[in-house]
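Here is how the chains run, residue by residue.
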Amino acid sequence: MMNDVINPRDLLAKLISYPTVSSDTNLPLVEWVEMFLSSYGIKSERILSPCGTKAHLYAQTGPEIDGGVMLSGHTDVVPVEGQAWSTDPWVLSERDGKLFGRGACDMKGFDALALMAMAQASTRPLKRPLQLALSYDEEVGCVAVVDLVETMLGALPRAREVIVGEPTMMRVVTGHKGGLGFHVHVRGFEVHSSLLPYGVSAIMQAARLIDWANQRNAENAARTPSELAAPFEPPFTTLHVGQIEGGTAHNITAKDCRFFIEFRFVPGESPDDWASAIEAKAADLSGEMQKIHPDTGIDMVRGFALPALTPEVNGAAETLARRLTGDNGQHVVSYGTEGSQFQTRGYSTVICGPGDIAQAHQPDEFLSLEQLAAGEAFMDRLLESLCA
Ligand SMILES: [Zn+2]
């Protein structure tokens, strides 16, 4: 099945041919990767999802010792429904120096390069191991990967550097904001609006909590940014409500109001602190509401939480990636990645991969041949450094 000449473009075409949208199975892709790796004598392990329809995969090649390099990618992609594609998104096609297909950029291009590197590494005299981590469900919150990270920590020698290959145009990205979200349900008490003081309007109480968010935004914006926050645009934590619903009539105090609030917080700030802050405010408001009617209050359910990726001081992963790419610029990004899940569990981590994030999730998503070649050169240098 496998050719002696490993070509990242062919590997990418193969990976793209599996429609691994996050809501669907990735098992056929995982099975193919297992066969590919085993044809080079590399044993891999899968970790099944709780529902059994998806799996993470991890593998190692080289000596069974600590201090290796881990290449981390996700196997899932975003849907294509409602997007105007000019070619079949599940068939790699080339046009004007670009490779088109769903996931070409985000991030099966890197996955293909990582598979190529693993295969080549298996035939080289590595002094340090190379590890591969492929996840599912990255596009739906970067949470499933926690299971993968924790399993690898227990099952494999500990890698010294983790490179997460999200598209950065092969620049070395050392930080991103974290995310935190809550489903908020404000429970009011219905009376005719002419009797306003005897009712509790869920909408008007929701407005008070949302205005608390406005005040935090103003406060955050007015503060001098910390050193960790300064590189971001904007250089502070933001709170945002993007969806709200509630009420039944203009003259009835609303019984229910529901909204979703998200925090995008800068490195150095903790999701738990922000969670405590909003929970305290909601508890205050609930107390006031219950003085009017005991069956009212504010319920909050955590929707997602992703730590920030924090630039490391003399980080091993950053040092390695800078040496391999020659990029010495300071870069942070505004999107979240699985990298912070590795970092918060003790791995030195950077983001560095081929392609432009502007291409991610778009119709006619592509990876330029130039970026693929840059990624290939990166892997060549990585293998040299693992043998040195
Ligand atoms: Zn991605």
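Along each chain, the written sequence defines residue order, and numbers are assigned to residues from 1. At least 70 in pLDDT is required for a residue's local features to be given in this predicted model, at least 80 for side-chain atom pairs to be given and counted, and no such filter applies to totals for whole chains, interfaces and linings, which use all residues. Working from all heavy atoms in the structure, the side-chain values ignore hydrogens and water.

1. Some points on the coordination of the zinc ion
The protein atoms that coordinate the zinc ion are His74 (NE2), Asp106 (OD), Glu166 (OE) and Glu166 (OE), at distances of 1.8 to 2.5 Å. Geometry at the zinc ion is irregular, judged from its four donor atoms and the angles of 55 to 142 degrees they form at the metal. Shown as donors are all N, O and S atoms within 2.8 Å of a metal ion, widened to 3.2 Å for Na, K and Ca; because water is not in the atom set, sites may appear incomplete. In primary-sequence terms, the residues that donate to the zinc ion follow H-x31-D-x59-E. Here His74 is found in strand β3 (residues 68–74), whereas its partner Glu166 is found in the loop between β7 (159–164) and β8 (173–176), with 92 residues between them in sequence. Metal sites are grouped by the angles between bound donors: all angles between 85 and 135 degrees with four donors is tetrahedral, opposite donors over 155 degrees apart with the others between 65 and 115 is square planar for four donors and octahedral for six, and any other pattern is irregular. For helices the rule is a DSSP run of H or I covering at least 4 residues; for strands it is a run of E covering at least 2, with both sets numbered from the N terminus onward.

2. Considering the packing of aromatic side chains
The description of two aromatic rings rests on the distance between their centres and on the angle between their planes. Two rings from Phe, Tyr or Trp (for Trp, the six-membered ring) form a pair when their centres sit within 6.5 Å of each other. Planes less than 30 degrees apart are called stacked, planes more than 60 degrees apart edge-to-face, and all others tilted. The full count for this structure, using the stated rule, is seven aromatic pairs. Aromatic side chains Trp32 and Phe36 sit 5.5 Å apart centroid to centroid with 25 degrees between the ring planes, which places their arrangement in the stacked category. Here Phe36 and Trp32 lie together in helix α2 (residues 27–38), a separation of four residues that amounts to about one turn. Like Phe36, Trp32 is buried. Note on Phe263 and Trp274: the rings are 5.7 Å apart at their centroids and 45 degrees apart in plane angle, and the pair reads as tilted. Here the residue Phe263 occupies a position in strand β11 (residues 256–265), and Trp274 occupies one in helix α6 (residues 271–292), the gap between them amounting to 11 residues. The residues Phe263 and Trp274 share a single accessibility class, namely buried. Burial classes follow relative accessibility: with a 1.4 Å probe on protein chains only, a residue under 20% of its type's maximum area counts as buried, one over 50% as exposed, and anything between as partly exposed.

3. A short note on helix α5 (residues 202–222)
In this scheme, a helix's expected span is set at 1.5 Å multiplied by one less than its residue total. Along its 21 residues, α5 runs 30 Å from first to last C-alpha, staying within 8% of the 30 Å computed at 1.5 Å per residue. For α5, the set of buried residues is Ala202, Gln205, Ala206, Leu209, Ile210, Trp212, Ala213, Arg216, Asn217 and Asn220. On an axial view of α5, the arc spanned by its buried residues comes to 150 degrees, and they lie on one face. Across α5 from its buried face, at more than 90 degrees, point the exposed residues Met204 and Ala222. A contact between two residues is defined here by any heavy atoms of the two lying within 4.5 Å. Of the surrounding secondary structure, the elements contacted by the buried residues of α5 are β9 (178–187), β10 (238–246), β11, α6 and β12 (297–306). The arc refers to the directions leading from the helix axis to the C-beta atoms.

Read these as layout, nothing more, since geometry by itself doesn't imply function.
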